[in-house]
Amino acid sequence: MTIKASQLRFESLAIHGGLETGTGGPTTVPIVQSTAFAYGAASALEDVFRGRKAGPVYTRLGNPTTEALEKRLALLEGGRAAIATSSGMAAIATAVMSVVRSGDEILASASLFGGTFSLLRETLSNYGVTTRFVDPADTAAVRSGVTGRTRLIFVETIGNPRIDVPDVSAIAATAKEAGVPFVVDATISTPCLARGCELGADIIVHSTSKYINGAGSAIGGVIVDMGRFVWRSDKFPHFAPFVKRYGEFAFAARVRKLIHKDFGGCAAPMNSFLLIGGLETLALRMEKHCANAVALAHFLDDHPKVVWVRYPGLAGSPFHEIATRQFHGRYGGLLAFGLANQEAAFRFIDHLRMAKNAANIGDAKTLVIHPASTIYCDYETEDKVMMGVTEELVRVSVGIEHQDDIIEDFAQALGEA
Amino acid sequence: MNLTVNGKKTAVADKESLSVSELLDELNVEDVLYVTVELNGDILERGNFDGTLVRDGDEVEFLYFMGGGRG
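Note that the structure is predicted; figures quoted are calculated from it, not measured.

The rules behind each value
- Residues numbered from 1 in each chain as written.
- Chains lettered and ligands numbered in written order.
- Predicted model: local features only at pLDDT ≥ 70, side-chain atom pairs only at ≥ 80, totals over all residues.
- Helix = DSSP H or I, 4+ residues; strand = E, 2+ residues; numbered from the N terminus.
- Rg over C-alpha atoms; globule rule 2.2 N^0.38 Å.
- Buried ≥ 20, exposed ≤ 12 C-beta atoms within 10 Å, placed from the backbone.
- Contact = placed C-beta atoms within 7 Å.
- Nonpolar A, V, L, I, M, F, W, Y, C, P; charged D, E, K, R; others polar.
- Domains from an automatic or database assignment.
- Pairing = 2+ DSSP bridges.
- Axes fitted to C-alpha atoms, helices over the stretch in contact; angles between N-to-C directions.
- Core = buried A, V, L, I, M, F, W, Y, C linked by C-beta atoms within 7 Å.

## Some thoughts on the overall build of chain A
Regarding its fold elements, chain A presents 17 helices and 12 strands. For 417 residues, the compact-globule estimate of 2.2 N^0.38 gives 22 Å, and the C-alpha radius of gyration of chain A, at 22 Å, lies within 12% of that figure. For chain A, the spread of C-alpha atoms along the principal axes amounts to about 70 × 55 × 35 Å. A total of 417 residues make up chain A; the buried ones form 54% of that total. Long-range contacts, defined here as pairs at least 24 residues apart, represent 73% of the contacts in chain A between residues at least 6 apart.

Structure (structure tokens):
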């Protein structure tokens, strides 16, 4: 007898969701390291290709290990279906390009990961898709940013590295009024702090490389179709065949059977296995990430060499109230702080003994980076400023080491800054 | 009762009618959370699976969006 997913709470769903174990079956999801899948009868393979029967055919299109990950992520977000990809950027690019066409406009938060900004501002503009950037905290500006050509609104639940927190439900209302899908990158908050079904998102994307993996060992991404958006509209005529054939799965079908299939940004089975393992401890790890981040934020806020700290868990943060409401009293593991200047930031980083200077987030290890000279090194100054990247900023992905070890490491490094 | 399921004549349980949920069970349809059900040309809302009945002569299509084809 098996328990239904609907009867499980989040922590249990993260461990059991999507795992179908028969008698004598493995308690982990096997790594199906196979390119293709054979069917005895020609008609059986035809049935799978035509969608009459469920089954894998080719790992770029679907794989049993990856399917288990997709099912678990969809359940955790409260969504209808999920498509796992090779990276977070593959998820974002595939999701966005499944919606927009040449001539369309995207309304996006100005507080974005650099890779997303590059996709929207640079890459998509080569294909006739333009993006307007707006301060996500200014809900009036978001409303007035919608035009007759807007076809998608995009925000991050916690901006990286601006560490701002938009009022997601207010923006969801704007998207609904405009009749366009609301795409939310929930990488930094994870489904732990707020599930997609609570955020009012139509589509959730994650870089699963971050907290979901949790060990800095696998790159991946996911698109979750929340199944809320009605694609039957004159704004989306290209969805009509998918609505006709797949109903509530119209978006998932268009992603899977067209854009994802054609782009080929598929997940590797081994990575899917590692990500499934990561999900099982996500809730526990996020508690620790959040607790450590709160402690570190307070320590930094009191430090004489620290000019400013950005972390919504601080009572003085302009986003404290919205974060408390949106994320049920937790604030995530990502923070940013400013020292005197870039030279001080470099001296600080150089003297860290435990925390690692690396371009990643969500690892068990505490990670720091100077974004202006690294991730954003090729961007124009005005774009950097728009995204909250300044020369004195240090971004910290607070890990799950002993809290005192983290603070002592920072204290001694700040002594040299 | 005799139905046409994915274009093939199929005999199912000896009853006058079955709910769509019961039919999915009866036919051991896999991955029921991810299947689209079309009854006599109309796609059914998932919430109506329990309350919609299939009868002798009905045409049912099961479709998975995960299929390898393009459409």
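## Some points on the interface of chain A and chain B
The interface is formed by 22 residues belonging to chain A together with 17 residues belonging to chain B. Secondary structure elements with two or more residues in the side of chain A that touches chain B: helix 2 (42-49), helix 10 (240-246) and helix 11 (250-263) of chain A. The dominant element in the side of chain A that touches chain B, judged by the number of residues it contributes, is helix 11 of chain A, at 5 residues. In the side of chain A that touches chain B, the residues fall into 13 nonpolar, 3 polar and 6 charged.

## Brief notes about the domain arrangement of chain A
All names here are of chain A. The assigned domain composition of chain A is domain 1 (5-279) and domain 2 (284-415). Taking the mean C-alpha position of each, domain 1 and domain 2 sit 27 Å from one another. Facing 28 residues of domain 1, the contacting portion of domain 2 comprises 32 residues. Per-element tally for the side of domain 1 that touches domain 2: the top contributor is helix 8 (residues 190-193), with 3 residues. Its residues assigned to classes, the side of domain 1 that touches domain 2 comprises 15 nonpolar, 9 polar and 4 charged.

## A closer look at the pairing of strand 12 (residues 393-397) of chain A
All names here are of chain A. Counting buried residues along strand 12, 5 of its 5 residues qualify, which places the element largely inside the surrounding structure. Of the two faces of strand 12, both are covered, the one formed by Leu393, Arg395 and Ser397 as well as the one formed by Val394 and Val396. Here strand 9 (residues 334-338) pairs with strand 12 via 5 bridges, running antiparallel. Residue Leu335 lies in a different strand from strand 12, and its bridge partner there is Val396. Note: strand 11 (residues 367-369) against strand 12, 3 bridges, orientation antiparallel. Counterpart to Ile369 in the pairing with strand 12 is Arg395.

## So, the sheet that holds strand 11 of chain A
All names here are of chain A. The strand order across the open sheet built from 5 strands is 8-9-12-11-10, with neighbouring strands paired in mixed fashion. Each edge of the sheet is formed by a strand with only one pairing partner; in this case those strands are strand 8 (308-310) and strand 10 (356-357). Bridge count between strand 10 and strand 11: 2 bridges; the pairing is parallel. For Lys356, the partnering residue across the bridge sits in strand 11 and is Leu367. Across the sheet, helix 13 (residues 282-301) is in contact with strand 8 and strand 9; its angle to strand 9 comes to roughly 10°.

## Notes on the nonpolar core
Residue and element names in this part refer to chain A. Counting residues in hydrophobic clusters, the biggest one holds 144 residues, and the most contacted among them are Val96, Ile153, Val183, Ile203, Ile223 and Leu335. The element that contributes the greatest number of residues to this core is helix 4 (residues 88-99), accounting for 9 residues. Mapping this core onto the domain boundaries places at least three of its residues in each of domain 1 (5-279) and domain 2 (284-415). For Val183, the residues in contact, after removing those within four places along its chain, are Ala95, Val96, Leu152, Ile153, Phe154, Asp202, Ile203 and Val205.

## Examining the sheet that holds strand 4 (residues 150-156) of chain A
Residues and elements named next belong to chain A. Strand order in the open sheet formed by 7 strands is 1-7-6-5-4-2-3, and the pairing between neighbours is mixed. Among the strands making up the open sheet, the edge pair consists of strand 1 (81-85) and strand 3 (130-134). Averaged over neighbouring strand pairs, the angle between their axes works out to 20° when direction is ignored. Pairing between strand 2 (residues 105-109) and strand 4: 4 bridges, direction parallel. Bridging across to strand 4, Ala108 finds its partner in Phe154. The sheet strands contacting helix 4 are strand 1, strand 2, strand 4, strand 5 (182-185), strand 6 (203-207) and strand 7 (221-225), and the helix crosses strand 7 at an angle near 35°. Set on the sheet, helix 7 (residues 168-178) makes contact with strand 4 and strand 5; between it and strand 4 the angle comes to about 170°.

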